[in-house]
Amino acid sequence: MITFDYHSHNDRCGHAIGKLEDYVQQAVALGLTHFGMSDHGPAYWLEGDHAQPGIQMAVSELPSYVAEAVVLKERYADEIALTVGIEADFIEGHEETLAAWLAAHPFDYVLGSVHYALGHSVFNRRRWTEQRPERIFRDYYRQVILAAQSGLFDILSHLTVIDTYSPGIPEKLAAELYPEVAAAIAESGCIVELNTSCYRKQPLWNAPYPNLPMFMELIKRGVPLTFGSDCHAPGEIHFAHEKVEKLREKLGLVSEVQPYQVKRSQIMTFLVPPRGGG
């Protein structure tokens, strides 16, 4: 059973509802053993204190977020194992800036996300008629590889999110790009989350992020996997975990839960086959 969830947001980011402690209390009520607090970090690559209100927290708000998370971690220590995290965007050319503000705070883990390709959000639907799809896919996965290799992140978030509103990656292109991406991630030592937020956006999909072909490439290479609901309301914690359980059963995968040592702490992982495959 999946009793952990490492991807959550709260009202600080401007597009989630509920205070941080509301999420912690809901995680306890659900009987989770581990829960990660990981709101969207500031848009550190842009000028100004709050460059993207409604999307990310302000730079000035980060210390209070971390301080509150640390207090909650101690307050609820007898009920649940809480971890203090952050979701940080990978922005090529701004790695030193990100490294500096990550180092300034006592994070237990950092989620790394690629939210932009060719200068536009991965959720921008118009881009697919304005830009060549192959160029979009290539740029997105190029940045995923750079994020894995950067050493800045412990968990890579919602891989294949670029699929969400796309016309679909051509099979030949996926066959070219996916093995390279999975190999880079395996070499990096990063964990990959199985992110179920796609089921809120595309309820009929047959797999979470990452999609099934990428999922199998990661499995072949022994990449450690964890779970993240990417919740934006307390009621979304642990969202669609049963779909991940059914996928595991369908694929006949061993689901031994074990802690995995990342750069900063230990993260609960599962679906970890022996290394050396692929």
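Rules used in this analysis
Residues numbered from 1 in each chain as written. Predicted model: local features only at pLDDT ≥ 70, side-chain atom pairs only at ≥ 80, totals over all residues. Heavy atoms only, no water. Helix = DSSP H or I, 4+ residues; strand = E, 2+ residues; numbered from the N terminus. Rg over C-alpha atoms; globule rule 2.2 N^0.38 Å. Buried < 20%, exposed > 50% of the residue type's maximum accessible area, 1.4 Å probe, protein only. Contact = heavy atoms within 4.5 Å. Areas by Shrake-Rupley, 256 points an atom, 1.4 Å probe, with all protein chains shown as cover. Lys, Arg positive; Asp, Glu negative; His and termini not counted. Charge placed at Lys NZ, Arg CZ, Asp CG, Glu CD. Axes fitted to C-alpha atoms, helices over the stretch in contact; angles between N-to-C directions. Parallel < 35°, antiparallel > 145°, perpendicular 65-115°, else oblique. Nonpolar A, V, L, I, M, F, W, Y, C, P; charged D, E, K, R; others polar. Arc of directions from axis to C-beta. Core = buried A, V, L, I, M, F, W, Y, C linked by side-chain atoms within 4.5 Å. Pairing = 2+ DSSP bridges. Salt bridge = Lys/Arg side-chain N within 4 Å of Asp/Glu carboxyl O. Left-handed = near helix turned anticlockwise from the far one by under 90°. Polar contact = N/O pair within 3.5 Å; in protein donor to acceptor, adjacent residues only side chain to side chain.

Student: Tell me about the overall build of the chain, and please be specific about residues and values.
Tutor: Looking only at helices and strands, the chain has nine helices and 11 strands in total. The C-alpha radius of gyration computed for the chain amounts to 18 Å, which stays within 12% of the reference 19 Å derived for 278 residues, consistent with globular compactness. For the chain, the residues scored as buried account for 54% of the 278 residues in total. Counting contacts in the chain only where the partners sit at least 6 residues apart, residues at least 24 apart contribute 73% of the total. Accessible area for the chain stands at about 11,800 Å²; split by element, carbon and sulfur atoms hold 53% of it. The chain carries 23 positive and 35 negative side-chain charges, and their two centres are separated by 7 Å.

Student: How would you sum up the packing of helix α5 (residues 133-149) against helix α6 (residues 171-188)? Please name residues and give values.
Tutor: It is the contact of α5 with α6, at a shortest axis distance of 8 Å, that shows an interaxial angle of 10°. Accordingly, the angle class assigned to the pair α5 and α6 is roughly parallel. On the side of α5, the interface is formed by Glu134, Phe137, Arg138, Tyr141, Val144, Ile145, Ala148 and Gln149, while α6 contributes Leu173, Glu176, Leu177, Tyr178, Glu180, Val181, Ala184, Ile185 and Ser188. Residues of the contact of α5 with α6, tallied by class, amount to 11 nonpolar, two polar and four charged.

Student: Provide a residue-level description of helix α3 (residues 95-103), including the pertinent values.
Tutor: Within α3, burial applies to Leu98, Trp101 and Leu102. Projection of α3 onto a plane perpendicular to its axis shows the buried side chains occupying an angular sector of 105°, all on one side. Exposed side of α3, more than 90 degrees from the buried face: Glu96, Ala100 and Ala103 are the residues found there. Looking at the buried side of α3, the elements it contacts are α2 (62-75), β3 (81-89) and β4 (109-113).

Student: Talk me through the nonpolar core; I want residue IDs and the actual numbers.
Tutor: Core analysis: the biggest nonpolar cluster contains 89 residues, and Met37, Tyr141 and Ile185 have the highest contact counts within it. The contact partners of Tyr141, leaving out residues within four places of it in the chain, are Thr160, Ile162, Asp163, Ile169, Leu177, Tyr178, Val181 and Met214.

Student: Run through the environment of Leu146, naming residues and quoting values.
Tutor: Inspection of the secondary structure puts Leu146 in helix α5. The spatial distance from the C-alpha of Leu146 to the C-alpha of Thr164 is 21 Å, given a sequence separation of 18 residues. Those residues in contact with Leu146 that lie beyond four places of it in its chain are Phe90 and Glu92.

Student: Account for the pairing of strand β9 (residues 225-228), naming residues and giving values.
Tutor: Neither face of β9 is exposed, since Leu225 and Phe227 on one face and Thr226 and Gly228 on the opposite face are all buried. Where strand β8 (residues 191-195) lies against β9, four bridges are found, and the strand directions are parallel. Of the residues in β9, the one forming a bridge with Glu193 is Thr226.

Student: So what about the pattern of salt bridges? Which residues, and what values?
Tutor: Tallied over the full model, the rule gives 15 salt bridges. Note that Lys19 and Asp11 form a salt bridge whose closest N and O atoms lie 2.8 Å from each other. In this structure, Asp108 engages Lys73 in a salt bridge whose closest nitrogen and oxygen atoms are separated by 3.0 Å. On the criterion of sequence distance, the pair formed by Asp108 in the loop between α3 and β4 and Lys73 in helix α2 is long-range, its members being 35 residues apart. By relative accessible area, which is 31% here, Lys73 ends up partly exposed.

Student: I'd love a proper account of the packing of α6 against helix α8 (residues 212-220), names of residues and values included.
Tutor: Put simply, α6 and α8 touch, their axes get as near as 9 Å, and they point 45° apart. Comparing the axis directions of α6 and α8 gives the class oblique. Two packed elements cross with a definite hand, and for α6 against α8 that hand is right-handed. Of the residues in α8, those touching α6 at Tyr178, Pro179, Val181, Ala182 and Ile185 are Pro213, Met214, Glu217 and Leu218. When its residues are assigned to classes, the contact of α6 with α8 shows eight nonpolar, no polar and one charged.

Student: How would you summarise the side chain of His40 if you had to cite specific residues and measurements?
Tutor: Among the structural elements, His40 can be located in the loop between β2 (34-37) and α2. What makes His40 buried here is its relative accessible area of 8%. For His40, the side chain forms a polar contact with the side chain of Glu87, separated by 3.3 Å. Those residues in contact with His40 that sit more than four places away from it in its chain are His9, Cys13, His15, Ile55, Gln56, Met57, Ile86, Glu87, His115 and His232.

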